[in-house]
Amino acid sequence: MRAGGFLIRWAGLALVLASPVFADSTLPPAPLANVQLKDAAKEAQAQALMATLRCVVCQGQSIADSDAEMAGDMRSLVRTRIAAGQSPGQIRDWLIARYGDYISYDPPFSALTAPLWITPLVLLALGAWLARASFKRRGKR
Amino acid sequence: MSARLIWIPFAVALGLLALAAWGLYQPADRTVRSALVGQTLPAFDLPPIVPSKPGLATAQFATGKPRLLNIFASWCIPCVAEAPQLLRLKQAGVVIDAVAIRDTPAAIADFLARNGDPYAAIGDDKTSSLQLALGSSGVPETFVIDGRGRIVQQHVGDIREDEVPGLIALVRGLK
């Protein structure tokens, strides 16, 4: 019994101290992965775009938030292209042409995403209609 | 409100619960697929990574012979598992080109010595540039390219043993 508790305590400690293993290369990050552009306005543009692009490795994060190597490579790509004079819209379109709308956290209006945009409006209208009907009834009493 | 109508919210709630349960038990497919399948290969030109093999450029495709474009790395463990399948594909006459993602010449030479060398050419991609240009999201991935340089299929993850005959048949059927 005591030995069991001891084991469990050690196993718990080992779990706490263990770090997750990532399949990462030994190369340093891409040139502009973690280095800001010298032009502050361009860096701000790049940052704003990076916050709306999905990291394809850790799929719930943006490439601005992710530590994945591929996210670093994508940040470097965004900064290189912004520095070369491309607009954020051009870079987003370039990535969407390769990964689909999935890469962008700013969903475009399409048949698939229409319910996302329209449902709140429909629900609001329904609520207003319900409220009107119940206020009317109260008024008559 | 009539006695029957009062059950409607209950039914709606039950429906939502069923939807949530269905979503929880559905195995989610998190595979990121390239939107370039069916289109021509984007332009690229990568230097060689080992002295014994040429690098990789768009011009090497579209030569009338279908090829595989394998995205791999020496630091990628599934790539080791995939190596025997690539060797079998090569034995069957399938030409395989590769791009090494974020790698070094020494590590690639060691990887080829350990796991066999099925590649006709290997491009050096230190910043995943070709990977991003192809809409690929990891290693290993394999793109099937036809003789006109068009992307026919994307295979995400390592090629398993039972997938080899299908790939050989696909490549043989292409022009």
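Residues numbered from 1 in each chain as written. Chains lettered and ligands numbered in written order. Predicted model: local features only at pLDDT ≥ 70, side-chain atom pairs only at ≥ 80, totals over all residues.

The next thing to look at is the interface of chain B and chain A. The interface of chain B with chain A comprises 20 residues on the first partner and 20 residues on the second. With three residues, the single largest contributor to the side of chain B that touches chain A is helix H4 (residues 129–134) of chain B. Considering only residue class, the side of chain B that touches chain A consists of ten nonpolar, six polar and four charged. (Contact = placed C-beta atoms within 7 Å. Helix = DSSP H or I, 4+ residues; strand = E, 2+ residues; numbered from the N terminus. Nonpolar A, V, L, I, M, F, W, Y, C, P; charged D, E, K, R; others polar.)

Attention now moves to helix H4 (residues 88–99) of chain A. All names here are of chain A. For H4, spanning twelve residues, the distance from its first C-alpha to its last is 16 Å, which sits close to the expected 16 Å at 1.5 Å a residue. Taken together, the buried positions of H4 are Ile91, Leu95 and Tyr99. Mapping the buried residues of H4 onto a view down its axis gives an arc of 55°, with all of them on the same face. Opposite the packed face of H4, turned more than 90 degrees from it, sit the exposed residues Gly89 and Gln90. If you follow the buried residues of H4, they end up packed against helix H2 (40–50) and helix H3 (69–83). Directly after H4, the chain includes Gly100, whose backbone phi takes a positive value near 85°. (Expected span 1.5 Å × (residues − 1). Buried ≥ 20, exposed ≤ 12 C-beta atoms within 10 Å, placed from the backbone. Arc of directions from axis to C-beta.)

Among the structural elements, Gln91 of chain B can be located in helix H2 (residues 77–91). In this structure, the C-alpha to C-alpha distance between Gln91 of chain B and Pro118 of chain B, residues 27 residues apart in sequence, is 8.6 Å.

Our focus in this paragraph is the confidence of the model for chain A. Mean pLDDT over chain A: 86, with 81% of residues reaching 70 or higher. Highest mean pLDDT in chain A belongs to H2 of chain A (96); lowest belongs to helix H1 (residues 2–17) of chain A (63). (pLDDT = per-residue confidence, 0-100.)

Residues and elements named next belong to chain B. A sheet is described by the order of its strands in space; here five strands give the open sequence S5-S4-S3-S6-S7, paired in mixed fashion. Looking at which strands have only one partner, the edges of the open sheet turn out to be strand S5 (119–125) and strand S7 (151–156). Across the sheet, the mean angle separating the axes of adjacent strands is 20° when strand polarity is ignored. (Pairing = 2+ DSSP bridges. Axes fitted to C-alpha atoms, helices over the stretch in contact; angles between N-to-C directions.)

All names here are of chain A. Orientation of H2 relative to H4, taken along the N-to-C sense of each, is 35°, at an axis distance of 10 Å. Crossing handedness for the pair H2 and H4: right-handed. Between H2, through Gln45, Ala48 and Leu49, and H4, the contact on the second element is made entirely by Pro88, Ile91 and Arg92. (Left-handed = near helix turned anticlockwise from the far one by under 90°.)

As a further point, take the domain arrangement of chain A. Accessible area lost upon the coming together of the parts serves often as the stated size of an interface. Under the domain assignment, chain A is made up of domain 1 (27–107) and domain 2 (109–141). Measuring from the centre of the C-alpha atoms in domain 1 of chain A to the corresponding centre in domain 2 of chain A gives 39 Å. (Domains from an automatic or database assignment.)

This next bit is on the pairing of strand S3 (residues 67–72) of chain B. All names here are of chain B. Burial analysis of S3 places six of its six residues in the buried class, the great majority of the element. Judged by which residues are buried, S3 turns out to be covered on both faces: Arg67, Leu69 and Ile71 on one side and Leu68, Asn70 and Phe72 on the other are all buried. Note: S3 against strand S4 (residues 95–101), six bridges, orientation parallel. Pairing of Arg67 across the sheet is with Val95, part of S4. Crossover connection from S3 via H2 to parallel S4: handedness right-handed. Across five bridges, the pairing between S3 and strand S6 (residues 141–145) is antiparallel. Paired with Asn70 across the two strands is Thr142, which belongs to S6. (Right-handed = clockwise from strand over helix to strand, strands pointing away.)

Next up on the list: helix H1 (residues 8–25) of chain B. Here H1 of chain B spans 26 Å end to end across 18 residues, near enough to the 26 Å set by a 1.5 Å rise per residue. The buried fraction of H1 of chain B amounts to zero of the 18 residues, a small share that puts the element mostly on the outside.

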